[in-house]
Amino acid sequence: MPKKSLLKRLNKPLASVKLAVFIIISIAAITAVGTFVEAKYDSYAARKLVYDTWFMYGIMGLLVINLTAVMLDRWPWKKRHAAFVLAHIGIIVMLAGAVLTMNYGLDGSMRVGIGEDNNLVQTSETDLVVYTSFDGDRYSKTLEQEVDFFKNPPSEKHPVVIPAYEGEIRIVDYKKYVLPSRKVVVDESGKGGAGLRFQLQNPNVNVIEWLVQRKPDSVATHNFGPAQIHLGKAPEKGRGANEIFLTPEANNTLRYVVFQKDSEKLHKKGVVKEGEVFDPGFKMALNFRVLRFLPSAIEDWDLQPSERPTPLTTSAIKIVFDGKEHWVLLNDMVKLFTNNTVYLLTYGNRRTDIGFKIKLKNFAVTRYQGTMRAMAYESVVEVPEKGEQVISMNEPLKYKGLTIYQASFQEEEGKPVASIFSVNHDPGRFLKYLGSLIMSLGIVLLMWFKHLDFKIARKSQKDGEE
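Residues numbered from 1 in each chain as written. Predicted model: local features only at pLDDT ≥ 70, side-chain atom pairs only at ≥ 80, totals over all residues. Heavy atoms only, no water.

**Q** Explain the pattern of salt bridges to me, please; I cannot follow it from the model alone.
**A** Pairing of side chains with opposite charge becomes possible as their charged atoms draw close. Per the stated rule, a full pass over the model turns up 20 salt bridges. Asp-73 serves as the salt-bridge partner of Arg-74, at 3.5 Å between the closest nitrogen and oxygen. For Arg-74, a relative accessible area of 36% gives the class partly exposed. Among the residues examined, Asp-73 registers a relative accessible area of 16% and is labelled buried. Across the pair Asp-426 and Arg-429 runs a salt bridge whose closest N-O atoms are separated by 3.8 Å. A relative accessible area of 17% places Asp-426 in the buried class. Taking the relative accessible area as the measure of exposure, Arg-429 reaches 22% and is therefore partly exposed. Connected through shared salt-bridge partners, Lys-12, Asp-73 and Arg-74 make up one network. (Salt bridge = Lys/Arg side-chain N within 4 Å of Asp/Glu carboxyl O. Buried < 20%, exposed > 50% of the residue type's maximum accessible area, 1.4 Å probe, protein only.)

Structural data, given as structure tokens:
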């Protein structure tokens with residue numbers, strides 16, 4: 001059998017119409033399932049469960065093989081094959097661009113507070129990071145590992161085990177969607193900072209909050225606007241604000257000092273313990289009550305599982321260390337103590353350094369008349385070399401290979417406090433555009449050849465009639 005004929009026979013199944021129909025139906029079915037999953041959950045779930053999967057990649061690979069085989073089946077090409085070959089090459093080039101973007105692109109978000117700057121983009125990939133300290137102060141990174149618990153969740157039978165200098169950290173559970181509520185409990189190790197639940201009250205104000213020190217010598221702060229409450233060591237002089245500092249004492253009491261915003265001098269001081277009330281002496285006539293005081297406390301979470309994501313849900317992992325269980329929320333951390341070592345474990349989205357800082361100089365929002373609903377908003381940012389630039393909803397900033405879009409904004413008490421940017425790097429964009437151009441050219445040629453065939457047939461018909 002001639003060599004050419006053998007290759008033709010081998011190529012025939014790959015270039016068959018049946019395979020093309022199978023591929024088209026498969027893509028349609030996967031897209032339909034992806035649309036359903038995205039509607040029920042969100043785009044992240046659709047990507048993880050449907051699009052970023054072996055069967056989607058397999059169908060796309062089979063599509064490239066089929067397109068290539070169909071072109072080879074027509075070899076040697078003639079002039080009339082130009083349209084069909086260009087259309088097939090265009091699709092393959094577009095797929096190559098998509099693969100390039102998927103492997104080397106960047107797609108994340110960046111939060112920049114008004115007057116602040118940032119150079120870190122948060123992406124959807126998640127990492128586990130463990131820091132270790134032997135003196136409780138200086139930490140060294142001892143582990144950084146990418147994890148995808150959404151697709152590969154740990155379990156009691158198949159935990160993720162992180163070796164430590166003393167014992168091991170075991171990740172034994174994962175919840176995709178939970179509604180967390182914070183709680184403060186006694187730290188049985190006795191090495192955590194203090195915890196204080198307080199109440200500020202007058203006829204118009206009733207604030208109840210927890211303050212928890214991350215470590216005994218740190219300062220935890222709650223700012224409710226007219227005043228700031230601190231749990232930790234007090235400064236010697238006031239700092240131009242209404243402030244109350246509460247410092248834990250050895251006998252389960254708290255020593256408090258009060259500063260007023262119009263004076264650096266100490267305004268008031270005293271000692272208070274759980275259940276007692278004192279008047280800080282502010283002009284707004286507030287009473288400060290100590291509802292609960294824990295000399296050693298840690299923050300923990302009560303988690304309510306949810307079937308679907310909402311703006312208030314997040315994911316969480318359960319870890320076991322030294323016989324104790326802890327839940328860690330996404331983008332949160334937990335401290336683990338032994339007699340000689342402190343471990344700081346974080347579970348969060350990856351943050352990528354883009355190599356330069358974006359400073360938010362100003363942010364403006366226009367609202368629909370009579371409502372708080374945003375109609376349009378824009379940011380004035382400063383980037384190196386280009387100075388001030390405006391990023392609005394329809395005008396992204398293109399800089400150093402990145403496209404920075406105005407995505408949303410964050411506000412507190414009705415006022416914007418930060419701008420949220422979508423940062424995108426698409427290295428396959430050129431191939432996608434080139435593929436689209438080639439495919440469009442093929443479609444135009446196909447229509448042109450059809451037009452020529454129609455004219456030739458019509459001319460032949462006229463010649464036959466004459």
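**Q** Would you mind showing me how to read a nonpolar patch on the surface here?
**A** Judged by side-chain polarity, Leu-6, Leu-7 and Leu-10 come together as a nonpolar surface patch covering roughly 300 Å² of accessible area. Assignment of secondary structure puts Leu-10 in helix α1 (residues 3–11). Taking relative accessible area as the criterion, Leu-10 reaches 56% and is therefore assigned exposed. (Patch = residues over 30% accessible without salt bridge, like charges linked within 9 Å, V, L, I, M, F, W, Y side chains within 5 Å. Areas by Shrake-Rupley, 256 points an atom, 1.4 Å probe, with all protein chains shown as cover. Helix = DSSP H or I, 4+ residues; strand = E, 2+ residues; numbered from the N terminus.)

**Q** Help me understand the sheet that holds strand β9 (residues 228–231) in this model?
**A** Strand pairing in a sheet is mediated by backbone hydrogen bonds. Such pairs are either parallel or antiparallel. Across the sheet, 5 strands lie side by side as β8-β9-β10-β11-β12; this open sheet has mixed pairing. In the strand order of this sheet, the two ends are held by β8 (220–223) and β12 (266–272), each with one partner. Ignoring which end each strand starts from, the neighbouring axes of this sheet average 15° apart. Looking at chain direction, β8 and β9 are connected through 4 bridges and run antiparallel. Considered in β9, the bridge of Asn-223 is made with Gln-228. (Pairing = 2+ DSSP bridges. Axes fitted to C-alpha atoms, helices over the stretch in contact; angles between N-to-C directions.)

**Q** Honestly, the sheet that holds strand β14 (residues 287–294) in this entry has me stumped. Any pointers?
**A** As summarised here, the arrangement of the 4 strands in space is β7-β6-β14-β13, forming an open sheet in which the pairing is antiparallel. In the strand order of this sheet, the two ends are held by β7 (205–212) and β13 (277–278), each with one partner. With 7 bridges connecting them, strand β6 (residues 195–202) and β14 associate as antiparallel partners. Bridge pairing in β14 places Phe-198 opposite Val-290.

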